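An overview of the molecular structure
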Amino acid sequence: VYYPIPGTTIAAKTVGNYHALLSNILKAAKEHGLIQDNPAYRTRLTRGLSRSSVFLSQDQFAALVQAFPDYYKPLVMFLVGSQCRWSEATALQWKHIHTDTTPPTVSVHQAWKKATPDEPARISVPKTKRGRRTIAVWPELVAALGEPGAPDDFVFTGPGRNEAEHEQGGRQFY
């Protein structure tokens, strides 16, 4: 169970998840005759407050890129320029970058899944259905990625690492 820090807010989705759990518990209690009514049934929940997006200024972006070793700068620029998740960007292969369109596009159809005690990190579909998408990117961003490799080669690999280790090693870099 997640206990929020006092004074912080909880996302509307989290409230909805807690409400669904409580409602199911109370439903089972009603079915077993422990209570007469489920007070959580048909309770309207707030949609919560939406937060405005926060964007980096050009100076902030430049400072961010400069904070990284040269080897990681294309990855940082791609993460900011594409709005991909870390697991999606590091699973990107050259066959997913399409320079024959205007503007160039990137197909996001795979992402790294975390390792478990029973199995290593693996590539699978993105987290959500909406995560499978094609995004337009600036030609300058594609140029910053460097010379394309073979179609099945990963675009971003850590120095001295293979692609499977990059998912874990990249997180250690930060």
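Scroll up for the structure.
Residues numbered from 1 in each chain as written. Predicted model: local features only at pLDDT ≥ 70, side-chain atom pairs only at ≥ 80, totals over all residues. Heavy atoms only, no water.

1. Looking at the pattern of salt bridges
As enumerated under the stated definition, the model contains five salt bridges in all. Between R122 and E119 there is a salt bridge whose closest N-O contact spans 3.0 Å. Residue classification places R122 among the partly exposed positions, given a relative accessible area of 39%. Here the salt bridges share partners, and the residues they tie into one network are R85, E88 and R133. (Salt bridge = Lys/Arg side-chain N within 4 Å of Asp/Glu carboxyl O. Buried < 20%, exposed > 50% of the residue type's maximum accessible area, 1.4 Å probe, protein only.)

2. A look at the packing of helix α2 (residues 58-66) against helix α3 (residues 73-82)
Pairs of packed helices are described in terms of their axes, by the angle between the two and the distance that separates them. For the pair α2 and α3, the least separation of the axes is 9 Å and the interaxial angle reads 145 degrees. Here α2 and α3 pass one another in a crossing that is right-handed. Residue-level inspection shows F61, L64, V65 and Q66 of α2 in contact with α3, the latter providing K73, V76, M77 and V80. (Axes fitted to C-alpha atoms, helices over the stretch in contact; angles between N-to-C directions. Helix = DSSP H or I, 4+ residues; strand = E, 2+ residues; numbered from the N terminus. Left-handed = near helix turned anticlockwise from the far one by under 90°. Contact = heavy atoms within 4.5 Å.)

3. Examining the packing of aromatic side chains
Under the criterion given, the structure shown has three aromatic pairs. Ring geometry for Y71 and Y72: centres 5.7 Å apart, planes at 75 degrees, overall edge-to-face. Residue Y71 is classed as partly exposed on the basis of its relative accessible area, which comes to 45%. Ring centres of W112 and F154 lie 6.1 Å apart, and the angle between their planes is 20 degrees; on these two criteria the pair is classed as stacked. With a gap of 42 residues between them, W112 in strand β3 (residues 111-113) and F154 in the loop between α5 (139-144) and α6 (163-173) connect regions that are remote in the sequence. On the accessibility criterion, W112 (7% relative accessible area) is buried. We classify F154 as buried; its relative accessible area is 14%. (Phe/Tyr/Trp six-rings, centres within 6.5 Å; stacked < 30°, edge-to-face > 60°.)

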